[in-house]
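# Architecture and fold: a report
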Amino acid sequence: IYEMVDSRNHKAALKAIAQLLTKHPSAQIGRVLKGIVLQRTGKQAEGLQLCEEVRLEGTNDDTVLNTLALFYKNTGRRAESLAMYEAAADKAPKNVDHLLVLFAAYARDFVFVKQQQCAMKLYRLTNDPKHIMWAVCSLLLQSRDADAAAAAAAA
């Protein structure tokens, strides 16, 4: 199915996904892939609806999370992607991979306070000193933002 999606053979991909969903109707990856194919064929609303259903169900499957992230990236929906990673990290708070991706998502969206909190969670789980450095950098970014906001207010 992935090869069909990547090669833009949308008709065959939809057929293969339909077969998968017939056998396994609750397969989240099948529904997300169908959403991607629908989005690529111009059926944005249908694709978004399928992917939102999967996101709201919640998942800890890395394949589903990464595929959903691809969908949200292609459709410019960073807030949904961030919410998805937050839910995954809440569901499995000791999963370092989810926390790493969540940290990067916070960095992309300039959410420095949550970025710092995430870095501290990572440090508590791994005792890796680089995560303390990430937390310190997040603090510095928070102070820089506060200084910029104060300067803008004074002007």
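Residues numbered from 1 in each chain as written. Predicted model: local features only at pLDDT ≥ 70, side-chain atom pairs only at ≥ 80, totals over all residues. Heavy atoms only, no water.

### Thoughts on the packing of helix α3 (residues 28–40) against helix α5 (residues 62–75)
Applied cut-off: The angle between two axes is taken between their N-to-C directions and runs from 0 to 180 degrees, where each axis is a line fitted to C-alpha atoms and a helix contributes only its stretch in contact. Secondary structure counts use DSSP, requiring at least four H or I residues in a row for a helix and at least two E residues in a row for a strand, with both numbered from the N terminus. Angle categories are assigned with fixed cut-offs, so that under 35 degrees is roughly parallel, over 145 is roughly antiparallel, 65 to 115 is roughly perpendicular, and the rest are oblique. In a left-handed crossing the near helix is turned counterclockwise from the far helix by less than a right angle, and in a right-handed crossing that turn is clockwise. Contacts are residue-level and defined by heavy atoms, with any inter-residue pair within 4.5 Å sufficient. Classes in brief: Ala, Val, Leu, Ile, Met, Phe, Trp, Tyr, Cys and Pro nonpolar; Asp, Glu, Lys and Arg charged; the others, Gly included, polar.
Across the interface, α3 lies against α5 with an axial gap of 9 Å and an inter-helix angle of 20 degrees. In terms of their interaxial angle, α3 and α5 are classed as roughly parallel. Of the two possible hands of crossing, α3 and α5 adopt the one that is left-handed. Mapping the contact onto sequence places Gln 28, Ile 29, Val 32, Leu 33, Gly 35, Ile 36, Gln 39 and Arg 40 in α3 and Thr 63, Val 64, Thr 67, Leu 68, Leu 70, Phe 71, Asn 74 and Thr 75 in α5. Residues of the contact of α3 with α5, tallied by class, amount to 8 nonpolar, 7 polar and 1 charged.

### Concerning the environment of Gln 115
Filter applied, for reference: Only protein chains enter the accessibility calculation, which uses a 1.4 Å probe. A residue is then buried if its area is under 20% of the maximum for its type, exposed if over 50%, and partly exposed in between. Polar contacts here mean pairs of N or O atoms no more than 3.5 Å apart (in protein, one a potential hydrogen donor and the other a potential acceptor; neighbouring residues in sequence count only if both atoms are side-chain atoms).
Residue position: Gln 115 is located in helix α8 (residues 112–126). On the basis of relative accessible area, Gln 115 is assigned to the buried category, the value being 6%. Sequence-wise, Gln 115 and Val 136 are 21 residues apart; in three dimensions their C-alpha atoms are separated by 10 Å. A distance of 3.4 Å separates a polar atom in the side chain of Gln 115 from a polar atom in the side chain of Ser 138.

### So, α8
Stated formally: By definition here, a helix of n residues has an expected span of 1.5 Å times n minus one. This arc is taken over the directions from the axis of the helix to the C-beta atoms.
Helix length check: α8, at 15 residues, gives a terminal C-alpha distance of 21 Å against a target of 21 Å (1.5 Å per residue), a fit within 8%. For α8, the set of buried residues is Phe 112, Gln 115, Gln 116, Cys 118, Ala 119 and Leu 122. Considered in projection along α8, the buried side chains sweep an arc of 165 degrees and stay on one side of the axis. Asn 127 sits one or two residues past α8 and shows a positive phi near 55 degrees.

### Details of the state of the cysteines
In protein structure, a disulfide is the covalent linkage between the sulfur atoms of two cysteines. Going by this rule: The disulfide criterion used throughout: a pair of cysteine sulfur atoms within 2.5 Å.
Per the stated rule, a full pass over the model turns up 0 disulfides. You can see Cys 118 has no disulfide; the closest cysteine sulfur is in Cys 137, sitting 14 Å from it. Cys 118 sits in the buried class, given a relative accessible area of 3%.

### Section: the packing of aromatic side chains
What counts, and what does not: Planes of paired rings set the category: under 30 degrees apart is stacked, over 60 is edge-to-face and the rest tilted, where pairs are Phe, Tyr or Trp rings (Trp by its six-membered ring) whose centres lie within 6.5 Å.
A full pass over the atoms with the stated rule returns 3 aromatic pairs. Between Phe 103 and Trp 134, the aromatic rings sit 4.6 Å apart at their centres with planes inclined by 20 degrees, giving stacked as the arrangement. On the criterion of sequence distance, the pair formed by Phe 103 in helix α7 (residues 96–108) and Trp 134 in helix α9 (residues 129–154) is long-range, its members being 31 residues apart. With centroids separated by 6.1 Å and ring planes inclined at 70 degrees, the aromatic side chains of Phe 110 and Phe 112 adopt a geometry described as edge-to-face. According to the relative accessible area criterion, Phe 112 is buried, its value standing at 7%.

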